[in-house]
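Okay, here's what each chain looks like letter by letter:
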Amino acid sequence: MHNLGILLSGRGSNFEAIAKNVAAGHIPNACIAVVISNKAEAGGLEIAQRLGLTTFVVPSKGKEREQHDREVVALLKDHEVDLVCLAGYMRLLSPWFVQQFPHRILNIHPSLLPAFPGLEAQQQAFAYGVKVAGCTVHFVDEELDHGAIIVQKTVPVLDGDDEHTLAERILEQEHIAYSEAINIVLEGNYDVAGRRLVRKVTAR
Ligand code: GAR
């Protein structure tokens, strides 16, 4: 059984999509061992509690980054987490945190990286005038929105879009992409060469 640890800061819709897929058996041999938020008011916490999951709030405000990360990692290890999923976790991880889970931390970002890293990526893409937007699930490394890419989904930008309608359609794809990426990583049937994740061909 794979123990997933979810880190979030807000609404929690990506977490909820993962939880539904776990419950439906679409992410086999996995359970959500713990949900941790750095914000007490995060909507994702209520969803987790409604689902009967174990939740913790570890406030980050006013704390040194690594001190906060040490508290979070202690909880993840207590719950024997083997894959950490950042789901709208609006906090950069310290190098120390990243080193605790090599190639075992995933993040979702609402753009086709390396375009538009950082905050409000959908709005950045819309304002730039791109015709194709999308989302990326990637391994977390020590740089912001940077590690090797696992899954990307494209979303066309329509003439009638505004930044909100575009963000909504990107979010629908995020909800699909994250579980796909988790399954790829848990199946373990891939190599990472440099930045390239390549799935191994399986004999049938
Ligand atoms: C999602 O759109 C996610 O891609 C984004 O925050 C939103 C969280 O929504 N993450 C980032 O921008 C990280 N750089 P959710 O709480 O409903 O999953």
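An account of the accompanying structure is given in this report. (Residues numbered from 1 in each chain as written. Predicted model: local features only at pLDDT ≥ 70, side-chain atom pairs only at ≥ 80, totals over all residues. Heavy atoms only, no water.)

1. What to know about helix α2 (residues 43-50)
Looking at α2, one finds that the buried residues are Gly44, Leu45, Ile47 and Ala48. Here the buried residues of α2 occupy an arc of 160° about the axis, which is enough to place them on one side. Structural note: α2 exposes Glu46 and Arg50 on the side pointing more than 90 degrees away from its buried face. Lining the buried residues of α2 we find β1 (2-8), α1 (13-23), β2 (30-37) and β3 (55-57). After α2 finishes, the residue glycine 52 shows a positive phi value of roughly 75°. (Buried < 20%, exposed > 50% of the residue type's maximum accessible area, 1.4 Å probe, protein only. Helix = DSSP H or I, 4+ residues; strand = E, 2+ residues; numbered from the N terminus. Arc of directions from axis to C-beta. Contact = heavy atoms within 4.5 Å.)

2. Observations concerning the site of the ligand
If you check the shell around the ligand, you find Arg11, Gly12, Ser13, Asn14, Gly88, Met90, Ile108, His109, Pro110, Gln122, Asp145 and Glu174 and nothing else. Serine 13 has a polar side-chain atom sitting 2.6 Å from an oxygen atom of the ligand. At 2.6 Å from an oxygen atom of the ligand is found a side-chain nitrogen or oxygen belonging to glutamate 174. Coverage of the ligand by the protein chains reaches 90% of its 450 Å² of free accessible surface. Counting only elements with at least two residues in the shell around the ligand, the list comes to α1 and β5 (105-109). For the shell around the ligand, the residue count by class is three nonpolar, six polar and three charged. (Near = heavy atom within 4 Å. Polar contact = N/O pair within 3.5 Å; in protein donor to acceptor, adjacent residues only side chain to side chain. Areas by Shrake-Rupley, 256 points an atom, 1.4 Å probe, with all protein chains shown as cover. Nonpolar A, V, L, I, M, F, W, Y, C, P; charged D, E, K, R; others polar.)

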